[in-house]
Amino acid sequence: NLSSIPQPSYPPRILTDEGGRLYVLWEEGDYLVDMKLLLAVSTDDGSSFGAPLLLAGPTADVRGDLAVSSDGALWVAASMRAASTRSQPRRALGST
């Protein structure tokens with residue numbers, strides 16, 4: 001379990017890139033109260049992960065998905081529900 005909070009965590013999206021990195025993206029928190037979108041990365045086939053990165057939130061609701069482009073950049077698309085909040089896909093991590 002990559003999450004360290006007592007609140008609910010929601011099913012993760014898992015992706016690997018050509019460099020062997022493993023990316024895990026998930027939402028956690030109380031729905032409609034303080035949802036967060038987090039990303040953790042492993043460089044050793046999932047044996048260990050770096051500290052989770054907070055990508056969005058806290059907000060009422062947040063959902064995300066992952067993609068890796070041909071240049072090795074990780075992209076995260078997020079949808080958030082909060083007062084007049086809209087988001088665009090953004091580059092999360094560059095090539096390493």
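Higher on the page you've got the structure.
Because the structure is a prediction, the values reported are computed rather than measured.

Chemist: Break down the side chain of Glu 28 for me, citing the residues and quoting the values.
Modeler: Tracing the sequence through the fold places Glu 28 in strand E2 (residues 22-28). An unpaired buried charge is present at Glu 28: no salt bridge exists, and Lys 36, the closest side chain of opposite charge, is 5.8 Å distant. Within the structure, Glu 28 has its side chain in polar contact with the side chain of Trp 26 (distance 3.0 Å). Not counting residues up to four positions away in its chain, the partners in contact with Glu 28 are Ser 3, Ile 5, Pro 8, Ser 9, Tyr 10, Asp 34, Met 35, Lys 36 and Leu 38.

Chemist: Residues and numbers for unusual backbone geometry, please.
Modeler: Put simply, Gly 57 and Pro 58 share a cis peptide bond, and its omega is 0°. When you line up the elements, Pro 58 lands in strand E4 (residues 53-59). Even without being glycine, Asp 45 reaches a positive phi, approximately 60°. Looking at the secondary structure, you find Asp 45 in the loop between strand E3 (35-42) and E4.

Analysis parameters
- Residues numbered from 1 in each chain as written.
- Predicted model: local features only at pLDDT ≥ 70, side-chain atom pairs only at ≥ 80, totals over all residues.
- Heavy atoms only, no water.
- Helix = DSSP H or I, 4+ residues; strand = E, 2+ residues; numbered from the N terminus.
- Buried < 20%, exposed > 50% of the residue type's maximum accessible area, 1.4 Å probe, protein only.
- Lys, Arg positive; Asp, Glu negative; His and termini not counted.
- Salt bridge = Lys/Arg side-chain N within 4 Å of Asp/Glu carboxyl O.
- Polar contact = N/O pair within 3.5 Å; in protein donor to acceptor, adjacent residues only side chain to side chain.
- Contact = heavy atoms within 4.5 Å.

Coordinates in, geometry out; function isn't part of it.
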